Amino acid sequence: MTADVDELVPYGGVRADAAWADEVRRLAADRDAVLLAHNYQLPEIQEVADHTGDSLALSRIAAASDASTIVFCGVHFMAETAKILAPEKTVLIPDARAGCSLADSITAEQLRGWKAQHPGAVVVSYVNTTAEVKAETDICCTSSNAVDVVASVPADREVLFCPDQFLGAHVKRETGRENLHIWAGECHVHAGINGPELAERAAADPDADLFIHPECGCATSALYLAGEGAVPEDKVKILSTGDMLTAARDTRAESVLVATEVGMLHQLRKAAPEIDFRAVNDRASCRYMKMITPAALLRSLTDGVDEVDVDPDTAARARDSVRRMVEIGNPGGGE
Ligand code: 13P
Ligand code: SF4
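Now for a quick tour of the structure. (Residues numbered from 1 in each chain as written. Chains lettered and ligands numbered in written order. Predicted model: local features only at pLDDT ≥ 70, side-chain atom pairs only at ≥ 80, totals over all residues. Heavy atoms only, no water.)

Comments concerning the sheet that holds strand β5 (residues 122-126)
Move 1: Strand order in the open sheet formed by four strands is β6-β5-β7-β8, and the pairing between neighbours is parallel. Of all the strands in the sheet, the pair left with one neighbour each is β6 (139-141) and β8 (180-182). Pairwise comparison of adjacent strand axes, ignoring direction, gives a mean angle of 25 degrees for this sheet.
Move 2: Sheet analysis places strand β7 (residues 159-162) next to β8, joined by three bridges and oriented parallel. In the sheet register, L160 faces β8, and the bridge partner there is H181.
Move 3: Where helix α8 (residues 165-175) meets the sheet, it contacts β5, β7 and β8, and its direction lies at approximately 160 degrees from that of β8. (Pairing = 2+ DSSP bridges. Helix = DSSP H or I, 4+ residues; strand = E, 2+ residues; numbered from the N terminus. Axes fitted to C-alpha atoms, helices over the stretch in contact; angles between N-to-C directions. Contact = heavy atoms within 4.5 Å.)

Dropping the structure here:
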């Protein structure tokens, strides 16, 4: 269960200077460790990592890596997913209290109850779920391949999609599927990026592209605005964090409004320095992601903590659904 962040003091007090980066790299080499960082991590953590990317790209890298240790700078379900895919490796997360409000929005018991109401339905779960929920799942997906995953299910089979309601609505729209049932979960960070805020920002900057993560509460509003002609349809792009980087390299826009966690701005500005990237909501910061501080990473590499373990039976039941996720859809998303 995710910690109550208000009660937590992340490890602090270490300056992320060149000496820190050298020490991190030396300790990682000594442990035969690969450092993975999600796109929402602090810029200094992204810079010191071997690979940055979205959750799908990082899962793929974790599964393919030769390193004996994976240090996952992200949140707990991401490190658990790496452990499910690579059970023989040591998986460390610099602060095991870094949870996810979205992953907490459905339990395995709730999912079993939902399945009992829809016998024969195919369960598609977003990767932002616990290992126990994945063990009850037929196919996992991430934001970059959710549409492809649902499209891979035969049209006559009912689909239970959990836990994110906004991503679910996006998938339903894209696939046109009526037999898709959606769990009413949400991420507190993305749900807080709302439609009126987006409409106001888009009106103030009519030439800007809109890059919108499908977990956002404003994704529906963006499509509505496009439908109403308030924003040209080709300016609204619903994208995973990895796909935002590809779109940044491809767009001709001079400015882009970004609706996702603010850590994303770092990679976007690196990918296309000539573009003015602005957050739709600059308070959209995930406090769990930001618990992976420079000091926490140093502690992790020095002491070999916090080790992430998944019960072997649960991991075995979850593995097929996670492998299907890694196999389906877009191979992009990370560096
Ligand atoms: P991505 O799959 O786009 O990396 O998003 C993961 C996440 O946690 C969103 O908040
Ligand atoms: Fe979870 Fe939301 Fe944080 Fe992503 S941004 S890790 S979905 S709480």
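Some thoughts on unusual backbone geometry
The phi angle of most residues is negative, glycine excepted, and most peptide bonds adopt the trans form.
Move 1: The amide bond that connects C162 to the next residue, P163, takes the cis arrangement and shows omega of -5 degrees.
Move 2: Secondary-structure assignment places P163 in the loop between β7 and α8.
Move 3: Between V305 and D306 the backbone carries a cis peptide bond, its omega angle lying at -10 degrees.
Move 4: Phi is positive for D32, which is not a glycine, with a value near 55 degrees.
Move 5: Examined against the element boundaries, D32 turns out to sit in the loop between α1 (18-30) and β1 (33-38).
Move 6: D32 gets classed as partly exposed once you look at its relative accessible area, which sits at 40%. (Buried < 20%, exposed > 50% of the residue type's maximum accessible area, 1.4 Å probe, protein only.)

Describing the packing of helix α3 (residues 55-64) against helix α15 (residues 312-327)
Move 1: For the pair α3 and α15, the least separation of the axes is 10 Å and the interaxial angle reads 110 degrees. The orientation of α3 relative to α15 falls into the category roughly perpendicular. Facing α3, whose interface residues are L56, S59 and R60, α15 presents M325, V326 and E327.
Move 2: Taken together, the residues of the contact of α3 with α15 sort by class into three nonpolar, one polar and two charged. (Parallel < 35°, antiparallel > 145°, perpendicular 65-115°, else oblique. Nonpolar A, V, L, I, M, F, W, Y, C, P; charged D, E, K, R; others polar.)

Comments concerning the nonpolar core
Side chains of nonpolar character tend, in soluble globular proteins, to be buried together.
Move 1: One finds L35, F161, F211, I212, L268, F277 and L297 to be the most contacted residues of the largest nonpolar core, which totals 106 residues.
Move 2: The dominant element in this core, judged by the number of residues it contributes, is helix α4 (residues 76-85), at six residues.
Move 3: Not counting the four nearest positions on each side in its chain, L268 is found in contact with F211, M244, L245, A248, V258 and F277.
Move 4: Listed in part, the ten residues of the second largest apolar core include I106, A108, V133 and C162. (Core = buried A, V, L, I, M, F, W, Y, C linked by side-chain atoms within 4.5 Å.)

Re the pattern of salt bridges
Move 1: Summed over the entire model, instances satisfying the criterion amount to 15 salt bridges.
Move 2: A salt bridge links R26 to D30, with the nearest nitrogen and oxygen atoms 3.1 Å apart. Here R26 and its partner D30 are both found in helix α1, four residues apart, which amounts to about one turn of the helix.
Move 3: The partner of D276 in a salt bridge is R278, and the shortest N-O contact between them spans 3.1 Å. (Salt bridge = Lys/Arg side-chain N within 4 Å of Asp/Glu carboxyl O.)

What to know about the sheet that holds strand β9 (residues 209-212)
What holds strands together in a sheet is hydrogen bonding between their backbones, with the strands either parallel or antiparallel.
Move 1: Here four strands make up an open sheet; going across it, the order is β10-β9-β11-β12 and the pairing parallel. The outermost strands of the open sheet, each flanked by one partner alone, are β10 (236-238) and β12 (276-279). In this sheet, neighbouring strand axes are inclined to one another by 20 degrees on average, regardless of whether the strands run parallel or antiparallel.
Move 2: Where strand β11 (residues 255-259) lies against β12, four bridges are found, and the strand directions are parallel. Bridge pairing in β12 places L257 opposite R278.
Move 3: Relative to β9, helix α10 (residues 195-204) is tilted by about 155 degrees, and along the sheet it contacts β9, β11 and β12.

Let's talk about the site of ligand 1
Move 1: Not every one of the 13 residues close to ligand 1 is listed here, only the nearest: H38, S55, S143, H213 and T241.
Move 2: N128 has a polar side-chain atom sitting 3.2 Å from an oxygen atom of ligand 1.
Move 3: Measuring from an oxygen atom of ligand 1, one finds a side-chain N or O atom of E215 at 3.3 Å.
Move 4: In isolation ligand 1 offers 300 Å² of accessible surface; the protein chains occlude 96% of this area.
Move 5: For the shell around ligand 1, a count of residues per class yields three nonpolar, eight polar and two charged. (Near = heavy atom within 4 Å. Polar contact = N/O pair within 3.5 Å; in protein donor to acceptor, adjacent residues only side chain to side chain. Areas by Shrake-Rupley, 256 points an atom, 1.4 Å probe, with all protein chains shown as cover.)

Quick look at α3
Residues separated by three or four positions in an α-helix point in the same direction, a consequence of the helix having 3.6 residues per turn.
Move 1: Within α3, seven of the ten residues are buried, which leaves the element mostly enclosed by the surrounding structure.
Move 2: Of all the positions in α3, only S55, L56, A57, L58, S59, R60 and A62 are classed as buried.

Topic: the packing of aromatic side chains
Move 1: Following the criterion strictly, the structure yields one aromatic pair and no others.
Move 2: Between the aromatic rings of W114 and W183, the centroid separation amounts to 5.1 Å while the plane-to-plane angle is 65 degrees, which identifies the pairing as edge-to-face. Of this pair, W114 sits in helix α5 (residues 108-117) while W183 sits in the loop between β8 and α9 (188-191), and the two are 69 residues apart along the sequence.
Move 3: Residue W183 is classed as buried on the basis of its relative accessible area, which comes to 18%. (Phe/Tyr/Trp six-rings, centres within 6.5 Å; stacked < 30°, edge-to-face > 60°.)

The values reported here are purely geometric and, on their own, carry no functional implication.
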